[in-house]
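# Examination of the molecular architecture
Given next are the chains, with one letter for each unit.
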Amino acid sequence: MLKRGMNHFKNVEPILARRSLTSLVQALNQRLVDEERILVFFGAQADVEIFAKENRCAVYHSQLWQAGNTKSYNLDLWDRGESKVMACTTAFAQGIDRSNVRYVVIFRPTYGLLVNNQMLGRAGRDGKESHVFFVTDASGIASFRGTKAVKSQCVEELDDVVHGNECRRYSTTLCMDGVDLAVRCTDKPRGVPCDVCAPDSPMQRFAMEAINAPLVTSPEASDSNGTSSVQTAPPAFIPASALHRSIAADRQPAPAPASSPAPTHATQAVFQDSDGMYDDSTLQITPSQAMILDAMERIHQPRASGSQNEDPFKFASQPSVPSSSRVQLPPPSSLPNDSRTFASRADRVNDAAMSRLNRTSKLNKYMVVLKGHCPFHFGRSAQLVLEANDVNCPDMKAVSMEEYYVFKRMFTFAPYTYCFQCCLPQSKNFNGEQPACHVGLVYKKGTPCPFAGFIFKVVYSMWTQERFRKLLVRDVGEGAKLSTLDELIAWAVEEHADQGKYNNCVEAFLWFCGNIERAKPQFFT
């Protein structure tokens, strides 16, 4: 039974997932005493490396092979407290027993309940109050692995625990021990309640404020140019153990206890020194550094057209070359040096990834409003009209459907890059680029995507309007004439992922919606 810990779950938008995760971990880190530690679990090595690099914390996964950056080296950093946060994969979930783990954070939980129980079981082995947090931008079972036709019972059980409305302790013990031994937070002996049983608990409020911190800005945080800075100060914390007496048999909580002052002991920083690795003054990078950056860039590389021989059931990405701050690089080889600095390339890769995620957020906003409306009315006259009958739609009759189908058939996407029915991006390698409105869709034969054809039809019908076409060429055409269908097709299928953009068809759609939003601010609300 889970006596010592409380389970918390928070669903966030894809664009905010990483920011919210970082904010939560930083807030929890400030609550630790010297001997306490945090584990942050990820499903993919690429996610581990990105988080470790951005937060300069210890890292642990099966592919740590370079001298000076091994699993034992990072484990020693974590044990000694030089880094109180360990970013890790399931490689840390079994066989490593540390009694001082106070918090476990599981980002985008996957695999199944058995594996996740191993992860959350790392917390509170000394019997003290501990907490486990699930942070995800997924909305259901289809977002974890595969389709409903191939999902396992273990993954379904994990979905019940993470996304269900039942007591999380009960859902876990029901799956692990059966109905006769399943217990709730309110059963005796009472433990620390989960967020379902105590949604207003001090720890739940603390976690929610930390997770929502990236959205909070204050006038005092604005710079001289009026730009708001992110408000990330952690909220006051009240130990959840103060709730034990408040959970009566009738489940009527007592008044919340007064906030206790923050501990006065010095908090040891979680960050490691990385000046040697990320020195902006370096004129050139070594071949090994170039290899590391190439691995990072492959995560967000341009999306190739055509099919790829990929196993749809293979998890996450190819193993990434370690890029954490404690890497000691091997001697230079015969590979050519890259004239760009490590830091500048890393910044460019991260900027491109964030640019695409910002575009994803806009796509989600637009598609939620546009769902169920006629794409031809919207593309030709920027009007919201409920889906018109194909036979009677006057705006559809005004365009050549034969040309449209030629345009549509020219788009071929690599697996898991774009939805082939609607052109919305998908979260390949769990990169979070799939809009929330599209997450969780399960494709079955004969079942269309609810957004099928919408973006293609809007872009094509918009292009047929000379007034829109001239503005498109001027603003985003990048020198393309777009005067013929062949020119439109050649331009629309291109993609500049290194610039933080999707394919030009999606970019044209975003440009069109953005102009409408600027002209009519309430259009997409």
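As shown above, the structure is provided for reference.
Basis of the calculations
- Residues numbered from 1 in each chain as written.
- Predicted model: local features only at pLDDT ≥ 70, side-chain atom pairs only at ≥ 80, totals over all residues.
- Heavy atoms only, no water.
- Helix = DSSP H or I, 4+ residues; strand = E, 2+ residues; numbered from the N terminus.
- Buried < 20%, exposed > 50% of the residue type's maximum accessible area, 1.4 Å probe, protein only.
- Contact = heavy atoms within 4.5 Å.
- Patch = residues over 30% accessible without salt bridge, like charges linked within 9 Å, V, L, I, M, F, W, Y side chains within 5 Å.
- Areas by Shrake-Rupley, 256 points an atom, 1.4 Å probe, with all protein chains shown as cover.
- Salt bridge = Lys/Arg side-chain N within 4 Å of Asp/Glu carboxyl O.
- Core = buried A, V, L, I, M, F, W, Y, C linked by side-chain atoms within 4.5 Å.
- Axes fitted to C-alpha atoms, helices over the stretch in contact; angles between N-to-C directions.
- Parallel < 35°, antiparallel > 145°, perpendicular 65-115°, else oblique.
- Nonpolar A, V, L, I, M, F, W, Y, C, P; charged D, E, K, R; others polar.
- Pairing = 2+ DSSP bridges.
- Phe/Tyr/Trp six-rings, centres within 6.5 Å; stacked < 30°, edge-to-face > 60°.
- Expected span 1.5 Å × (residues − 1).
- Left-handed = near helix turned anticlockwise from the far one by under 90°.
- Disulfide = S-S within 2.5 Å.

### Quick word on the overall build of the chain
- Within the chain one finds 16 helices and six strands.
- In the chain, which comprises 525 residues, the share counted as buried stands at 51%.
- Across the chain, contacts joining residues at least 24 apart in sequence account for 73% of those joining residues at least 6 apart.

### Details of a nonpolar patch on the surface
- A cluster of nonpolar residues, Val406, Met410 and Val493, forms a patch on the protein surface that exposes about 210 Å² of accessible area.
- Among the secondary structure elements, Val493 is positioned in the loop between α15 (485-492) and α16 (504-519).

### With respect to the nonpolar core
- Core analysis: the biggest nonpolar cluster contains 53 residues, and Phe378, Phe407, Phe509, Phe512 and Phe524 have the highest contact counts within it.
- The set of elements that each furnish at least two residues to this core consists of α9 (342-370), α10 (375-381), α12 (401-409), α13 (454-463), α14 (466-476), α15 and α16.
- Sorting elements by how many residues they give to this core places α16 first, with nine residues.
- The residues contacting Phe407, other than those within four sequence positions of it, are Phe456, Val459, Tyr460, Leu485, Leu488, Ile489, Ala492 and Cys505.
- With 28 residues, the next largest nonpolar core counts Leu21, Val25, Cys57 and Met203 among its residues.

### Focus on the packing of α14 against α16
- Contact pair α14 / α16: the axes reach a minimum separation of 11 Å and the direction vectors enclose 110°. On the basis of the axis angle, α14 is roughly perpendicular to α16. Note on element contacts: α16 touches α14 through Ala508, Trp511, Phe512 and Asn515, opposite Phe468, Leu471, Leu472, Asp475 and Val476.
- For the contact of α14 with α16, the per-class residue count stands at seven nonpolar, one polar and one charged.

### What to know about the pairing of strand β5 (residues 101-107)
- In terms of burial, β5 is largely enclosed, as seven of its seven residues are buried.
- Judged from the five bridges that link them, strand β2 (residues 37-41) and β5 form a sheet pairing that is parallel. Paired with Arg37 across the strands is Val101, a residue of β5.
- As defined by bridge partners, β5 adjoins strand β6 (residues 130-136) across five bridges and the pair is classed as parallel. Paired with Val104 across the two strands is Val132, which belongs to β6.

### Quick word on the environment of Leu120
- Here Leu120 shows up in helix α4 (residues 113-120).
- Residues Leu120 and Tyr103 lie 17 residues apart in sequence; the distance between their C-alpha atoms is 8.8 Å.

### Here we look at the packing of aromatic side chains
- On inspection of all chains with the given rule, the structure shows 22 aromatic pairs.
- When the centroid spacing of 6.4 Å and the interplanar angle of 35° are considered together, the rings of Phe378 and Phe454 count as tilted. Here Phe378, found in helix α10, pairs with Phe454, found in helix α13; they are 76 residues apart in sequence, far enough to count as distant. The burial state of Phe378 is the same as that of Phe454; both residues are buried.
- Arranged with centres 5.3 Å apart and planes meeting at 80°, the rings of Phe378 and Phe512 form a pair that is edge-to-face. Here Phe512 lies in helix α16 and Phe378 lies in helix α10, a separation of 134 residues in the sequence.
- The buried category is assigned to Phe378, whose relative accessible area is 1%.
- The class for Phe512 is buried, based on a relative accessible area of 4%.
- Among the aromatic side chains, those forming a connected cluster through ring pairs are Tyr404, Tyr405, Phe407, Phe411, Phe413, Tyr418, Phe456, Tyr460, Trp463 and Tyr502.

### Considering α16
- Along its 16 residues, α16 runs 22 Å from first to last C-alpha, staying within 8% of the 22 Å computed at 1.5 Å per residue.
- Taken across its 16 residues, α16 has 13 buried, putting it largely inside the fold.

### Topic: the packing of α12 against α13
- One way to put it is that α12 packs onto α13 with a least axis distance of 10 Å and a crossing angle of 125°. Viewed along their axes, α12 and α13 adopt a mutual orientation that is oblique. When the axes of α12 and α13 are compared, the crossing they make is right-handed. From α12, Glu403, Tyr404, Phe407 and Lys408 reach across to α13, where they touch Phe456, Lys457, Val459, Tyr460 and Trp463.
- Tallied by class, the residues present in the contact of α12 with α13 amount to six nonpolar, no polar and three charged.

### What about the state of the cysteines?
- With the rule as written, the count across this model stands at zero disulfides.
- The structure places no disulfide on Cys423, whose sulfur is separated from the nearest cysteine sulfur, that of Cys505, by 4.5 Å.
- Assessed through its relative accessible area of 0%, Cys423 is described here as buried.

### Concerning the environment of Arg19
- Mapped onto the secondary structure, Arg19 falls in helix α1 (residues 14-29).
- The class of Arg19 is partly exposed, set by a relative accessible area of 36%.
- Considering only alpha carbons, one finds Arg19 and Pro214, 195 residues apart in sequence, at a separation of 6.4 Å.
- Setting aside chain neighbours within four positions, we find Arg19 in contact with Pro214, Met354 and Asn358.

### Side note on unusual backbone geometry
- Even without glycine at this site, Arg108 takes up a positive phi of about 50°.
- Topologically, Arg108 is positioned in the loop between β5 and α4.
- Its identity as a non-glycine residue notwithstanding, Cys423 has a phi of 80°, on the positive side.
- Mapping Cys423 onto the fold places it in the loop between α12 and α13.

### A few points about the pattern of salt bridges
- All told, the structure shown has 19 salt bridges when counted by the stated rule.
- The partner of Arg102 in a salt bridge is Glu36, with the nearest N and O atoms 2.8 Å apart. Here the residue Arg102 occupies a position in strand β5, and Glu36 occupies one in the loop between α1 and β2, the gap between them amounting to 66 residues. As far as the burial class goes, Arg102 and Glu36 line up, both buried.
- It is possible to trace a salt-bridge network through shared partners that takes in Glu36, Arg102 and Asp126.

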